[in-house]
Amino acid sequence: MNRRNVKKVSLSISLIFILVAFWVGITPQTVAATSTKPILIGHLHPFTGPFAMFGTACATGIEVAIEEINQAGGVLGRPFKVINRDTKISPSVGLREAKDLVISKKVDFLMGNISSGVALAISGYAKQAKVIYVVTGSRSTKITEDKGHRYVFRIGADEFARVSSVAQLAAKKWGDKNKKIVMINPDYGYGHACAKYFEEEYGKCVPGIEIVYSGWPKLGTADFTPYISKLLASDAQLLFHSLYGGDYLTFVKQAVPAGVYKKFHVVGASCGGTETVCNMTKEDPAPIGEILSDEFPYWAIKNPKAKEVAAAFMDKAGTNYASYESCLGYTTVYALKEAIEAVGAVDTEKIVDYLEGRKIDTPVGKVLVRAIDHQSLWPPFAGTMAFTDDHPWPHIVDVWYPEPIEKAYHSPEYVEQLRKSQ
């Protein structure tokens, strides 16, 4: 063979090796591991209006997580990127924005929300589009129970867990003297469910309770005076409510001067979160003595990671408090990171399979994501609102939650039976 033929053969062999290497290099898993294309998260939350504090807080946690992950090299060599969208706490707006994020922006995941009505609308679309949607702030049990599906998850407690924990704590503290109850709850699915759950759960601990009045204000109510008058006219000893965000702040400002917090032992389904009460001072009307729930009382959590991330959230947001929504947003991003790395690709079906029944790392410790309903068994911390020297805003003290944690949630058997009855 002459020199020219040798060169041709060598060139051919080289080309074959190049083609083989190229072919191996374009397998889906390797592309996922080497591409610099961002992994896109579509974050849906209110960023305007009386509930904007939740969207802002969740965005803070997401940003902190993304910065940490990207500075460490990303996920399989790819950076995370978030696109924030304002739902304006409207199901139609939230659905429109979710569709645009998936269809136009090609996001890989959806997450967020505080309104359960908005979350249910987005969840229905996520099921149709087969895109993972991780709910954070929205509490409705319907999202993961009767309306649950393969592509929806919740990082954070649901409404039953939060109501169950405050109901059990109220029964421990006041149950023997508090059998007549008044209620005030927002007039939509979340509020009605919370009222039902409290009556059931408190009633289990305190037999013979009586609901003597129930008020149902619309979201965004500016004047609670008519409801407060009816509360004060009753002979009840305990007030339960599920107001939150701006509605809760408005209620407190009007209820404290009217004497509501002197007449009743008050129990709230949530609203102990610092993003809601952060502007209250000792000189302001404040819900002192009220039993409330907060999913991230970092000052009372033993896991050192809690205070570490709380400091990061405060630094990022420039605040003197850290929000539970920040914690849930942060945890969600890290859960997605873990799943992507474990399956080796941004593969929706494999990620769903990985997360089902998985214990994920969180700032509050290991948390199980149940396989049957994709509900995380997040501790529904409860306590009594007070001022201390440690913080300038009121917060829950004597923090507690039901243990084992399964006692705070509907059982898998309940969920299975509920779905069969649909």
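Relevant structure appears above.
Everything in this summary refers to the structure shown in the same document. (Residues numbered from 1 in each chain as written. Predicted model: local features only at pLDDT ≥ 70, side-chain atom pairs only at ≥ 80, totals over all residues. Heavy atoms only, no water.)

### Thoughts on the sheet that holds strand 7 (residues 210-215)
Moving on, step 1. Read from one edge to the other, the open sheet built from 7 strands follows the order 7-6-8-9-10-13-14, with strand pairing classed as mixed. Where the open sheet ends on each side, the last strands, each with one partner, are strand 7 and strand 14 (391-400). The mean angle between the axes of side-by-side strands here comes to 30°, regardless of whether they run parallel or antiparallel.
Moving on, step 2. Two strands pair when backbone bridges link them, and strand 9 (residues 265-271) and strand 10 (residues 291-293) are joined in this way by 2 bridges, in the parallel orientation. Within the sheet, the bridge partner assigned to valine 267 lies in strand 10 and is isoleucine 291.
Moving on, step 3. In this fold helix 6 (residues 159-174) packs onto strand 8 (238-241), strand 9, strand 10, strand 13 (382-388) and strand 14, with an angle of close to 160° to the strand it touches most, strand 9.
Moving on, step 4. In the packing of helix 8 (residues 225-233) onto the sheet, the strands contacted are strand 6 (180-184), strand 7 and strand 8, and the crossing angle to strand 7 comes to about 165°. (Pairing = 2+ DSSP bridges. Helix = DSSP H or I, 4+ residues; strand = E, 2+ residues; numbered from the N terminus. Axes fitted to C-alpha atoms, helices over the stretch in contact; angles between N-to-C directions. Contact = heavy atoms within 4.5 Å.)

### Observations concerning unusual backbone geometry
Negative phi values dominate among residues other than glycine, just as trans dominates among peptide bonds.
Moving on, step 1. Between glutamate 403 and proline 404 the backbone carries a cis peptide bond, its omega angle lying at 0°.
Moving on, step 2. Here proline 404 lies in the loop between strand 14 and helix 15 (412-420).
Moving on, step 3. With a phi angle near 60°, lysine 106 is a residue other than glycine that sits in the positive phi range.
Moving on, step 4. Residue placement: lysine 106 occurs in the loop between helix 4 (91-103) and strand 3 (109-111).
Moving on, step 5. Of note in this structure, lysine 130 is not a glycine but carries a positive phi near 55°.
Moving on, step 6. Here lysine 130 is to be found in the loop between helix 5 (116-129) and strand 4 (132-135).
Moving on, step 7. When its relative accessible area of 52% is taken as the criterion, lysine 130 is described as exposed. (Buried < 20%, exposed > 50% of the residue type's maximum accessible area, 1.4 Å probe, protein only.)

### Focus: the state of the cysteines
Moving on, step 1. Applying the stated criterion to the full structure yields 0 disulfides.
Moving on, step 2. Sulfur of cysteine 271: no disulfide; nearest cysteine sulfur belongs to cysteine 194 and is 9.7 Å away.
Moving on, step 3. Assessed through its relative accessible area of 5%, cysteine 271 is described here as buried.
Moving on, step 4. Unpaired in terms of disulfides, cysteine 278 finds its nearest cysteine sulfur in cysteine 271, a separation of 14 Å. (Disulfide = S-S within 2.5 Å.)

### Quick word on the layout of surface pockets
Moving on, step 1. In this structure, the largest pocket spans a volume of roughly 350 Å³.
Moving on, step 2. Lining the largest pocket are 18 residues, and of these Val364, Pro379, Phe381, Tyr401 and Glu403 sit closest to its centre.
Moving on, step 3. Of all the elements in the fold, those that place two or more residues in the lining of the largest pocket are strand 12 (367-368) and strand 14.
Moving on, step 4. The volume enclosed by the second largest pocket comes to roughly 230 Å³.
Moving on, step 5. Taken together, 17 residues line the second largest pocket, and the ones lying closest to its centre are Ser140, Thr141, Lys142, Glu159 and Ala193.
Moving on, step 6. Taken together, the elements giving at least two residues each to the lining of the second largest pocket come down to helix 5, helix 7 (189-205) and helix 15.
Moving on, step 7. At 5 residues, helix 7 tops the list of elements feeding residues into the lining of the second largest pocket.
Moving on, step 8. A breakdown of the residues in the lining of the second largest pocket according to their chemical character gives 7 nonpolar, 5 polar and 5 charged. (1 Å grid on protein atoms, 1.4 Å probe; cavity = no way out; pocket = protein on both sides within 12 Å on 5 of 7 lines; lining within 4 Å. Points joined across faces, edges and corners; volume = space filled by probe spheres on them. Nonpolar A, V, L, I, M, F, W, Y, C, P; charged D, E, K, R; others polar.)

### Here's the deal with the pattern of salt bridges
Moving on, step 1. This structure, assessed with the given rule, holds 17 salt bridges.
Moving on, step 2. Where glutamate 67 meets lysine 316, a salt bridge forms, and the shortest distance between an N and an O atom there is 2.4 Å. Taken together, the residues span a long stretch of sequence, with glutamate 67 in helix 3 (residues 52-71) and lysine 316 in helix 12 (residues 304-317) at a distance of 249 residues.
Moving on, step 3. A relative accessible area of 35% places glutamate 67 in the partly exposed class.
Moving on, step 4. With a shortest N-O distance of 3.0 Å, glutamate 201 and lysine 204 are connected by a salt bridge. Placement of both glutamate 201 and lysine 204 in helix 7 is noted, with a separation of 3 residues, approximately one turn of the helix. (Salt bridge = Lys/Arg side-chain N within 4 Å of Asp/Glu carboxyl O.)

### Some words on helix 13 (residues 324-343)
Moving on, step 1. With 20 residues, helix 13 should cover 28 Å at 1.5 Å per step; its first-to-last C-alpha distance of 29 Å lies within 8% of that length.
Moving on, step 2. Of all 20 residues that make up helix 13, 16 are buried, and the element is covered over most of its length.
Moving on, step 3. Of the residues trailing helix 13, glycine 344 is marked for its positive phi of about 85°. (Expected span 1.5 Å × (residues − 1).)

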